[in-house]
Amino acid sequence: MSLSTLLLALLVLSSLAFYLGRKKALSAAGGNLRTLHSLPNYYGYYLALWAGIPALAVFTLWLVLEPQIVQSLVVGGLPEAQRNLSPGRLGLLINDIRNLASGNIVSREVAPGLQEAAEHYVRLRDTSRIALVVAVLALAVAGLTFGRQRISAHLRARNQVETVVKVFLIVGSTVAVLTTAGIVFSLVFEAGRFFVAVSPAEFLFGTEWSPQIALRKDQVGAQGAFGAVPLFAGTLLISVIAMCVAMPVGLMSAIYMAEYAPPRLRTVIKPILEILAGIPTVVYGFFAALTVAPFFRDTGAAVGLTISSESALAAGIVMGIMIIPFVSSLSDDVINAVPRAMREGSYGLGATQSETIRKVIIPAALPGIVGGFLLAISRAIGETMIVVMAAGLTANMTINPFHAVTTITVQIVTLLIGDQEFDSPKTLAAFALGLVLFLITLVLNIGALRIVKKYREQYE
Amino acid sequence: MIAMQATTGRATDAAASPVPAFMTRDVCVFYGQKQALTNVSLDIHRNQVTSLIGPSGCGKSTYLRCLNRMNDIIDGCRVTGSILLDGQDIYAGSMDVVHLRARVGMVFQKPNPFPKSIFENVAYGPRIHGIAKDKTELEAIVHNSLEKAGLLAEVKDRMDQPGTGLSGGQQQRLCIARAIAVQPEVILMDEPCSALDPIATARIEELIDELREHFAIVIVTHSMQQAARVSQRTGFFHLGILVETGDTEQIFTNPRDKRTQDYITGRFG
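Residues numbered from 1 in each chain as written. Chains lettered and ligands numbered in written order. Predicted model: local features only at pLDDT ≥ 70, side-chain atom pairs only at ≥ 80, totals over all residues.

Once that is clear, we can look at the overall build of chain B. When its secondary structure is counted, chain B shows eleven helices and ten strands. Relative to the 2.2 N^0.38 estimate, which gives 18 Å for 269 residues, the radius of gyration of chain B is 18 Å and therefore close to what a compact globule would have. Projected onto its principal axes, the C-alpha positions of chain B cover 55 × 45 × 40 Å. When burial is assessed residue by residue, chain B has 47% of its 269 residues classed as buried. Intrachain contacts of chain B at a sequence separation of at least 6 include 69% that bridge at least 24 residues. (Helix = DSSP H or I, 4+ residues; strand = E, 2+ residues; numbered from the N terminus. Rg over C-alpha atoms; globule rule 2.2 N^0.38 Å. Buried ≥ 20, exposed ≤ 12 C-beta atoms within 10 Å, placed from the backbone. Contact = placed C-beta atoms within 7 Å.)

Structure representation (structure tokens):
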């Protein structure tokens, strides 16, 4: 019986349990539903849960533990010499046994001993599978019988089903939280390994970024430098340029859409603006690299400025265009959410439309607008593709937007592409940079919440 | 600024004269194709409270909102007929709606203080119209307006706290103070007590009676007792028509029209 068939059987059993539970409850009620504690369906769910959950739990646990147990049994059956191999070579051997068992290509000549081990493996696995099927089905039936006995008119089935639902929801949210925690933990752990090789002070305050590790002692440029300040500066520069584009344009278009545009125009403009957010960033990237950057370079040359063909300016402006919808769409929504009574109150005092917007609507909508800005900033800081293509890779320490700069995200990309050893500081630096990026975004979000709280006003 | 002073000056002169503040003749209002008001002719007198009563949807709020052109905000709204404020047609091209609304203040059904401090709420109007010369004068205007609105004693120690933190009745008095601060000639009130409890309502009604000394007041209300209590003149609207207008006492004791009689005795509406 394959695993999916087993799951299907479990499902059928649970459905049957639902039916049986309902029927038992109805007969317990004796025709008068009011004597039942809960609605009949709840007794059905109750019994279905009894039939399904314990069996499903055992099923999951079994699948998690089975490979380890089977493997240790197979290793136990191997000859003494092979059992004492180093863990790496033993792993290879086990891999071969497994491949042989499932009929895949094997990396070595098939010795009789190996053949035997593979057969042993297959036998163990088959036994385990049969045991699994028997255990799961037996447990389902046992749960069903036990639950059915408990059903009576006084059983508080609704409360118990609700409790189980609550537990499921808690498990669901825990998974999300634990995943986040796991990612953060791995970042911190790997960054910690990096900081063993390079001191945090050098990383955070060093002004030279040249991430390389010597393969041999006498190599040219054997000394790597891991001062991340140029990256922070580059990220900041590009984000500032992007926000200089996105904030005014986004806010103004939001105000126009919310306050001035006739409703029909608004229904057309808003989706069009939102399309900007849907364009793949790589498209923005080559737009920046092939159109905008050369345009700036040529314009600069025409007026006597030296603008390199990969410049922070080009990347920042294109990134700004990309994040306009984040600002405009969110601001538009919050401006629209400002109660009509506010506008009327202001107009009623003789304020003009722009006075009303400036003095009443924007302050009232400020928390949402700030939220949109911060979302856009964290988007800008995390953006990679545009910067890779348009801003260059040179870690220049500059605030001149006409020069090439590089950002945290770009360096993470360049550190990790290609063949890398995962224990050299060069690769581990990516995790440290990731950690910094994470912390910046975290601080931005906390700041956003603070501002929102401070400016939040209550209206009825 | 100069125009403002001139008009306020005129308001005091006119206190004794019988010339009405508002003279409206044959006012019709259309929302798109739908006619909401038909040929309403009504005078609003100074130092009097004029109440507009009638069942829901009868056009009394629509009429009120014609008087400071708040209907302009609504798409597809069209007004015909003449509405004269001190003899000036307020729908004429030469009339600046900003100046009009400075002369004709409005208080709304639901208290709608801005999400700003109490002081800033009242100072809002004077600021946008440049009424105060300096900070001291602005403070004087704010204090004066809060005093007139009967709110000063309750809020003078917390002027910098948000206006939205006040109780419903206090918020509505704050909105009245906000309207007074612009030194209007007329104050329009659109069911100002419908969101308030009886005690707050009594307080506002008292206030309306006091404000009559300085302003012409038009109040739309659903409560006939309120109309009888606070107003000197009453207009009864029904289905977009001004059915009857006259002294409040006469309307409530001796209505001329059968429909008015039916409405005030509670037979419909």
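The next thing to look at is the nonpolar core. All names here are of chain A. Counting residues in hydrophobic clusters, the biggest one holds 154 residues, and the most contacted among them are A288, A315, V318, I386 and A390. Here the element with the most residues in this core is helix α11 (residues 312-337); it accounts for 16 residues. Every residue in contact with A315, bar those within four places of it in the chain, is listed here: I238, A288, I386, V387, A390 and A391. Of all hydrophobic cores here, the second largest spans 24 residues; its members include L13, L36, L47 and A55. (Core = buried A, V, L, I, M, F, W, Y, C linked by C-beta atoms within 7 Å.)

Looking now at the interface of chain B and chain A. Contacts between the two partners involve 22 residues from chain B, matched on the other side by 18 residues from chain A. In terms of residue count, the dominant contributor to the side of chain B that touches chain A is helix α4 (residues 118-129) of chain B (four residues). Here the residues of the side of chain B that touches chain A sort into twelve nonpolar, six polar and four charged. (Nonpolar A, V, L, I, M, F, W, Y, C, P; charged D, E, K, R; others polar.)

All names here are of chain A. Helix α5 (residues 112-150) packs onto helix α4 (residues 87-101) with a crossing angle of 70° between their chain directions and a minimal axis gap of 8 Å. The angle between α4 and α5 falls in the class roughly perpendicular. Judged by the twist between their axes, the crossing of α4 over α5 is right-handed. Residues D96, I97, R98, L100 and A101 of α4 form the contact with α5, whose participating residues are L114, A117, A118, Y121 and V122. In the contact of α4 with α5, the residues fall into eight nonpolar, no polar and two charged. (Axes fitted to C-alpha atoms, helices over the stretch in contact; angles between N-to-C directions. Parallel < 35°, antiparallel > 145°, perpendicular 65-115°, else oblique. Left-handed = near helix turned anticlockwise from the far one by under 90°.)

All names here are of chain B. Spatial strand order, β6-β7-β8-β3-β9-β10: six strands in an open sheet with mixed pairing. Strands at the two margins of the open sheet, each flanked by one partner only, are β6 (104-107) and β10 (241-247). Here the strands of the sheet are splayed against their neighbours by 15° on average, with no regard to which way each runs. Looking at chain direction, strand β7 (residues 186-190) and strand β8 (residues 216-220) are connected through five bridges and run parallel. Residue D190 lies in a different strand from β8, and its bridge partner there is V220. (Pairing = 2+ DSSP bridges.)

Take the domain arrangement of chain A next. Each assigned domain of chain A is listed with its residue range as follows: domain 1 (3-155) and domain 2 (225-455). Domain 1 of chain A and domain 2 of chain A are separated by 51 Å when their C-alpha centres are compared. (Domains from an automatic or database assignment.)

Further remarks concern the confidence of the model for chain B. Residues and elements named next belong to chain B. Scored by pLDDT, chain B comes out at a mean of 88, with 93% of its residues at no less than 70. Low pLDDT (under 50) marks residues 1-17, which in the prediction has 14 contacts with non-local residues, meaning those over four places away or in another chain. Predicted complex, confidence summary: ipTM 0.85, pTM 0.72. (pLDDT = per-residue confidence, 0-100.)

All right, on to unusual backbone geometry then. Residue and element names in this part refer to chain B. Residues other than glycine seldom take positive phi values, yet N47 does so here, at roughly 55°. With respect to the helices and strands, the residue N47 is situated in the loop between β2 (34-44) and β3 (49-53). For N47, a count of 17 C-beta atoms within 10 Å puts it in the partly exposed group. Even without being glycine, R69 reaches a positive phi, approximately 55°. With respect to the secondary-structure elements, R69 resides in the loop between α2 (60-66) and β4 (77-85). Exposure remark for R69: the 19 C-beta atoms within 10 Å place this residue in the partly exposed category.

Moving on to the packing of helix α8 (residues 229-260) of chain A against helix α13 (residues 353-382) of chain A. Residues and elements named next belong to chain A. Between α8 and α13, the least distance of the axes is 10 Å, while the angle of their chain directions is 140°. In terms of orientation, α8 lies oblique with respect to α13. Helix-helix and strand crossings are classified by hand; for α8 and α13 the assignment is right-handed. Facing α8, whose interface residues are T235, S239, A242, M243, A246, M247, L251, I255 and E259, α13 presents Q353, I357, I369, F373, A376, I377, A380 and I381. For the contact of α8 with α13, the class distribution of residues is 13 nonpolar, three polar and one charged.

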